[in-house]
Amino acid sequence: MKNSSIFYRGCLTVICITGLLGTGSACAQTVTIPVETAETAIVLQVAPNKDVNTIYLGKKLSNPEEYGGIPGVYQQGNNYSGMYNSAYTPAGSRNLLEPAIAVTHADGNNSLDLKYVNHSVTRVSDDVSLLSIQLKDPVYDFEVTLYYKSYYKEDVIEQWSVIEHHEKGNVVLQKFASANINLNAGSYWLRQYHGDWAKEMRPEETELTHGIKTLDSKLGTRADLFMPSVFMVSLNHPATEDEGSVLFGSLEWSGNFKTDLEIDPQDNLRIISGINNYASPYQLAAGQPFETPAFVYTFSSEGKGKASRNLQSWARNYKLVDGKGNRMTLLNNWESTYFDFNENKLSELLKDTKKLGVDLFLLDDGWFGNKYPRNSDHAGLGDWQENRKKLPNGIAAIAREAQSDGVKFGVWIEPEMVNPKSDLYAKHPDWVIKQPKREEYYLRNQLVLDLSNAQVQDFVYHVIDSLFIKDPAMAYIKWDCNSVIYNAYSVHLHQNQSQFYVEYVRGLYKVLQRIRAKYPDVPMMLCSGGGGRVDYGALQYFTEFWPSDNTDPVERIFMQWEYSYFYPAIASANHVTDWGKQPLKFRVDVAMMGKLGFDIVIDKLSGNDLKFCQNAVSTYNDIKPIIWQGNQYRLSDPRTESVASLMYVNADRSSAVMLNYLVNYRYDEGSKRPIRLKGLDSAKKYKITEINLYPTSTSVINSTSVYSGDFLSTVGFNPVVNSDRTSVVLKIDAVKE
Ligand code: GLA
């Protein structure tokens, strides 16, 4: 079918359709449904045959009445099925491309068609609207509701679907995507990420070709180890920081995901994202809605920087726990003690916490297990009772001591896991994910508990709850997840093994929901042997995440840079450790890119190092509101320049922090040219002061000079980064004239 002419009538359009072979024509009405945010629109259209298609995704038009005319200006040849741009492509009827949904009906039939029934828009708040579109199969009692939640100010949209049927018997969902979006451009450039432990967030950017490019994971407990679900697609050419059209997307799901990017025969890009259907045909009983997780995206026609600020402010306003609130700086003992500590050592560390000036002491792995003491990563996971040798008076005693030292206290836990050497494993082998007749296979000597089982969910919930019962002032939880799922099998699910991957993540979310219902505010760090579980499905229960176990500051600049495209600085737990060869100041300055923490031996610091750290904590306390809540601008990219530079600017553009790091250590490298600042008010005047200096050094920056915002953003400023000044932190403040 081909549209021969379109006459625009408000939101209703009359389309005269001529048959493909030119026989006959009929006129029918279409309904155009735009979803608009401050700068973006996704526009859906109900065709005369009741198919719902996406006719536009991009910069919004000033007159929404013109959206209906969009299909008329394309001449892209035949759309054989008439549904290449389906808003949710059903498999098995006319479809020829990658489907969003594929099912086997109760009678064994594999066909699905989805026709428009109705739609409605709910205004959730001044900022948020929710569009729902109901679709139904004309032959089977099977329906899908598509949801589009739009965040106007943030330019962000979340899309998901709810699938339900009333057939006689179960329907098998073979594929059940969250979103199926369409983009139209001359070429498409995908920026995707890959990695491994300690190598998170390595970008690759390529032009997409015809066919399907799949981003996915099959790890069970987490989205990432090798590949996170975050990606960017630029239209026509790779977007730069401040220029170009680009879509950022990600699935809000903490397990197996799959995103297919398919250039269709008309050269449009179809993006279909959802839970990975790998090994997961899902038996859906009649009358039981299946809700898919949200796919979140933002579109910017002003480059990657704008897209990242959209996602960051959306995350702070709507997703992260306490995104607009406070965070605690902390001292962690993992790298200073590993498993080797006792009450005396912890007493010293509590005193060090106070001495350093941070808010909280975080006791890491190794505090539990008796029959199988947790003295290495070979034993004890699952036995969450305090080790009587290390902590004869329990966690409560440490917590009391912390209180009397005037610092807060938090603990590490990895509640989804079990070592085969544990009481838990001996008592409840049926709670452990493993194949009944196959050899066990481990990552870090451990296995995963079966969270699809409500009893196991209960156990995990009570492990956390009992920590708060022992120490009602418990101020922080680091929730780790160091293993993937091998040999996926759940005793509890009996014949329904293909539900397992989905039910695992749902079980995890049930536990987190219970914990958040009882402890809504307590800060919790999401950790997964590094950055493996960072996704917005999990982050809605957490205040922060651990980007990587690799804390070498040069490595971290690159990683934190890429993470920052998708996650706000307030959520990025950046700890100063002994990894890498850089000086302490460099390590601290790099950690200041996000939420500062320490994992070093305070006791062994020289006098000047200690003084520097103490001053750094108090400097950080002054600037953290700008870093956590300000707008982030990337100024000089470590992948192309010798100096990495970025800045955070507060809402009224009166104060900013600029962070600069040398990343190229070859002879004479440094900031030779000025770096252009961004986000400042060109009409304001600013002075620039170097902060966070090491005690023995003085600044070469003249803090009395005054520059206009215009000068700083047009000509720029030189932070004077070189081999003697490898990291430079600048505070920029508006001055009254
Ligand atoms: C993981 C975490 C580390 C630390 C150890 C403890 O590797 O990423 O920060 O907590 O576990 O075993």
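Residues numbered from 1 in each chain as written. Predicted model: local features only at pLDDT ≥ 70, side-chain atom pairs only at ≥ 80, totals over all residues. Heavy atoms only, no water.

Draft legend 1. Local environment of the overall build of the protein. Helix and strand counts for the protein stand at 12 helices and 37 strands. Its C-alpha atoms give the protein a radius of gyration of 27 Å, within 12% of the compact-globule value 27 Å for 737 residues. For the protein, the spread of C-alpha atoms along the three principal axes comes to 90 × 70 × 45 Å. Burial statistics for the protein: of 737 residues in total, 61% are counted as buried. Put simply, 67% of the contacts in the protein that link residues at least 6 apart link residues at least 24 apart. With an accessible surface of roughly 27,800 Å², the protein has 49% of that area assigned to carbon and sulfur atoms. Within the protein, one finds 75 positive and 85 negative side-chain charges whose respective centroids are separated by 2 Å. (Helix = DSSP H or I, 4+ residues; strand = E, 2+ residues; numbered from the N terminus. Rg over C-alpha atoms; globule rule 2.2 N^0.38 Å. Buried < 20%, exposed > 50% of the residue type's maximum accessible area, 1.4 Å probe, protein only. Contact = heavy atoms within 4.5 Å. Areas by Shrake-Rupley, 256 points an atom, 1.4 Å probe, with all protein chains shown as cover. Lys, Arg positive; Asp, Glu negative; His and termini not counted. Charge placed at Lys NZ, Arg CZ, Asp CG, Glu CD.)

Draft legend 2. Local environment of empty space enclosed by the protein. For the structure shown, the criterion picks out 7 cavities of 30 Å³ or more. Roughly 80 Å³ of volume is contained in the largest cavity. Along the walls of the largest cavity sit 13 residues, with Gln560, Ser564, Ala569, Ser572 and Met593 positioned nearest its centre. A breakdown of the residues in the lining of the largest cavity according to their chemical character gives 7 nonpolar, 6 polar and no charged. (1 Å grid on protein atoms, 1.4 Å probe; cavity = no way out; pocket = protein on both sides within 12 Å on 5 of 7 lines; lining within 4 Å. Points joined across faces, edges and corners; volume = space filled by probe spheres on them. Nonpolar A, V, L, I, M, F, W, Y, C, P; charged D, E, K, R; others polar.)

Draft legend 3. Seen up close, the site of the ligand. In the vicinity of the ligand, 13 residues are found, and the nearest of them are Asp364, Asp365, Arg444, Lys478 and Asp549. Contact between the ligand and aspartate 365: an oxygen atom at 2.6 Å from a side-chain N or O atom of the residue. Here an oxygen atom of the ligand sits 2.4 Å away from a polar atom, N or O, in the side chain of aspartate 549. Within the complex, the protein chains bury 95% of what would otherwise be the 310 Å² of accessible surface of the ligand. In terms of residue class, the shell around the ligand is made up of 4 nonpolar, 3 polar and 6 charged. (Near = heavy atom within 4 Å. Polar contact = N/O pair within 3.5 Å; in protein donor to acceptor, adjacent residues only side chain to side chain.)

Draft legend 4. The arrangement of the pattern of salt bridges in detail. What the rule picks out here adds up to 43 salt bridges. Notably, a salt bridge pairs glutamate 39 with lysine 306, separated by 3.8 Å at the nearest N-O pair. Taken together, the positions of glutamate 39 in the loop between β3 (25-36) and β4 (40-46) and lysine 306 in helix α1 (residues 303-319) put the pair 267 residues apart, joining distant regions of the chain. What emerges from the salt-bridge pattern is a single network uniting Asp51, Arg94, Asp113 and Lys115. (Salt bridge = Lys/Arg side-chain N within 4 Å of Asp/Glu carboxyl O.)

Draft legend 5. Expanded view of the sheet that holds strand β33 (residues 643-649). In space, the 6 strands of this open sheet follow the order β32-β33-β34-β37-β35-β36, with antiparallel pairing throughout. In this open sheet, the two strands that pair with only one neighbour each are β32 (631-636) and β36 (706-708). Between one strand and the next, the sheet's axes are offset by a mean angle of 30°, whatever the strand orientation. The pairing of strand β35 (residues 685-691) with β36 spans 3 bridges and is antiparallel. (Pairing = 2+ DSSP bridges. Axes fitted to C-alpha atoms, helices over the stretch in contact; angles between N-to-C directions.)

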